[in-house]
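Each chain, written out:
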Amino acid sequence: MIDLHAHTTASDGDLSPAALVARAAAHGVRVLAVTDHDTLAGVEDAMAAGTAHGVTVIPGIELTVTAAQGSFHLVGLFPHPRPAPLAGRLDELAHARELRARRILELLDGLGMPVGMEDVRRHTTGTIGRPHIAQALVDAGHCADRREAFERVLGDGRPAWIPQTGLAPAEAVRLVRDGGGAAVIAHPWSLRLGHRGVEATAAALVRHGLVGLEVHRPEVLPDQRDAYARIARRLGLVASGGSDFHTPGAGAELGHTGTPGLPADACERLFTAIGQRVPSVHDHS
Ligand code: AMP
Ligand code: ZN
Ligand code: FE
Ligand code: FE
């Protein structure tokens, strides 16, 4: 199995990079991209664990991108763990996340659901995100679980939601490309543009070096998946995908990328795009 989208404690995942890779190995994943929100901090530990567990770990990131219609996520997959010049921009993205978290806490205060920054910080070991705030709301007794926290206040469009600001789309794609990487639009429905809008956005970014579009994900319905696959084919993009694993027992398991899952030839095309040799079965025997 191949899984090209997963999170660790370097952002809002619940497993350390090493634990994530061990779990991936136990679930039969042979190629795993580690793609934390706006940070590369987990990739080196994950690569070391990959060597120990016989999993090919691809260093990656999930960049927050701010477009005219709102923000969306761009996955970057790299041939090495320190892709310059992107690495030099990550401090500023982490800072933007801190400022946004503080603004969300102010909104929560106004809604009568106060939590302190130190309560959020307790759950944060890397870049800060809404799941950490959700956990603080649970700890404070304001919500029964994180899911309720998103439904009531933190989810997109809810009363304590503030969109995360990030890089401009073309700039993000170029930073990934200039690091020798492959840029992939994540969960395309989150653009909230419909299929035509996704295609127009992707087409504009192809000129800057966009390589792929996530098609194979556990939550896409067959019609939606086919539509994204057609967009990818028309634009010459690789149909990528992954589980977007965050938490054991919640959401999709590692390696689950829908039915049919992410095919080996998509992985091969992405490896070619980042100048890597495709691992053969014998590499891990
Ligand atoms: P952020 O980067 O801080 O905007 O947080 C985005 C992350 O929040 C996603 O990667 C998910 O882990 C989580 N998330 C977003 N929306 C929801 C939701 N409706 N329910 C649960 N988790 C969510
Ligand atoms: Zn996340
Ligand atoms: Fe995402
Ligand atoms: Fe993600």
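Scroll up to find the structure.
To keep things clear, this report deals only with the structure shown in the data block. (Residues numbered from 1 in each chain as written. Chains lettered and ligands numbered in written order. Predicted model: local features only at pLDDT ≥ 70, side-chain atom pairs only at ≥ 80, totals over all residues. Heavy atoms only, no water.)

1. A look at the coordination of the iron ion (ligand 3)
Here's step 1: Protein coordination at the iron ion (ligand 3): the donors are E62 (OE), H73 (ND1) and H187 (NE2), at 2.0 to 2.2 Å from the metal.
Here's step 2: Each donor residue of the iron ion (ligand 3) belongs to the same chain, and together they define the spacing E-x10-H-x113-H.
Here's step 3: Between the two metals, the iron ion (ligand 3) and the zinc ion (ligand 2), the spacing is 5.8 Å. Of the two residues, E62 is situated in strand 3 (residues 56-67) and H73 in strand 4 (residues 70-77); the sequence distance between them amounts to 11 residues. H73 carries the same exposure label as E62, and that label is buried. (Donors = N, O, S within 2.8 Å, 3.2 Å for Na, K, Ca; no water. Helix = DSSP H or I, 4+ residues; strand = E, 2+ residues; numbered from the N terminus. Buried < 20%, exposed > 50% of the residue type's maximum accessible area, 1.4 Å probe, protein only.)

2. Comments concerning the site of ligand 1
Here's step 1: For ligand 1, the full set of nearby residues is D12, H37, R97, R100, G129, R130, P131, F150 and H246.
Here's step 2: Taking H37, its side chain carries an N or O atom lying 3.0 Å from an oxygen atom of ligand 1.
Here's step 3: A total of 500 Å² of accessible area belongs to ligand 1 in isolation, and the protein chains cover 69% of it.
Here's step 4: At the level of elements, helix 3 (90-110) and helix 5 (130-139) are the ones that each hand at least two residues to the shell around ligand 1.
Here's step 5: Split by residue class, the shell around ligand 1 holds 2 nonpolar, 3 polar and 4 charged. (Near = heavy atom within 4 Å. Polar contact = N/O pair within 3.5 Å; in protein donor to acceptor, adjacent residues only side chain to side chain. Areas by Shrake-Rupley, 256 points an atom, 1.4 Å probe, with all protein chains shown as cover. Nonpolar A, V, L, I, M, F, W, Y, C, P; charged D, E, K, R; others polar.)

3. Section: the coordination of the zinc ion (ligand 2)
Around a metal, the ideal angle is 109.5 degrees if four donors adopt a tetrahedral arrangement and 90 or 180 degrees if six donors adopt an octahedral arrangement.
Here's step 1: Note on the zinc ion (ligand 2): its protein donors are D12 (OD), D12 (OD), H37 (NE2) and H246 (NE2). The metal-donor distances range over 2.1 to 2.6 Å.
Here's step 2: Along the chain, the residues donating to the zinc ion (ligand 2) are arranged with the sequence spacing D-x24-H-x208-H.
Here's step 3: Residue class for D12 comes out buried when judged on its relative accessible area of 8%.

4. Side note on the packing of helix 5 against helix 6 (residues 146-154)
Here's step 1: Contact pair helix 5 / helix 6: the axes reach a minimum separation of 9 Å and the direction vectors enclose 105 degrees. Considering the angle they form, helix 5 stands roughly perpendicular to helix 6. Residues R130, P131, I133, A134, Q135, L137 and V138 of helix 5 lie in contact with helix 6, whose contacting residues are R146, A149, F150, V153 and L154.
Here's step 2: Along the lines of polarity and charge, the residues of the contact of helix 5 with helix 6 split into 9 nonpolar, 1 polar and 2 charged. (Axes fitted to C-alpha atoms, helices over the stretch in contact; angles between N-to-C directions. Parallel < 35°, antiparallel > 145°, perpendicular 65-115°, else oblique. Contact = heavy atoms within 4.5 Å.)

5. As for the pairing of strand 3
Here is the key point about a regular strand: its side chains alternate between the two faces of the sheet.
Here's step 1: Most of strand 3 is tucked away: 11 of the 12 residues are buried.
Here's step 2: The pairing of strand 2 (residues 31-37) with strand 3 spans 7 bridges and is parallel. When the sheet's bridge partners are listed, A33 is paired in strand 3 with I58.
Here's step 3: In this structure, strand 3 lies alongside strand 4, joined through 8 bridges in antiparallel fashion. The residue of strand 4 that forms the bridge with G60 is L77.
Here's step 4: Where strand 3 folds back onto strand 4 in an antiparallel hairpin, the turn is made up of 2 residues. (Pairing = 2+ DSSP bridges.)

6. What about the environment of P114?
Here's step 1: By secondary structure assignment, the location of P114 is in the loop between helix 3 and helix 4 (117-121).
Here's step 2: Residues P114 and A140, spaced 26 residues apart in sequence, show a C-alpha to C-alpha distance of 8.2 Å.

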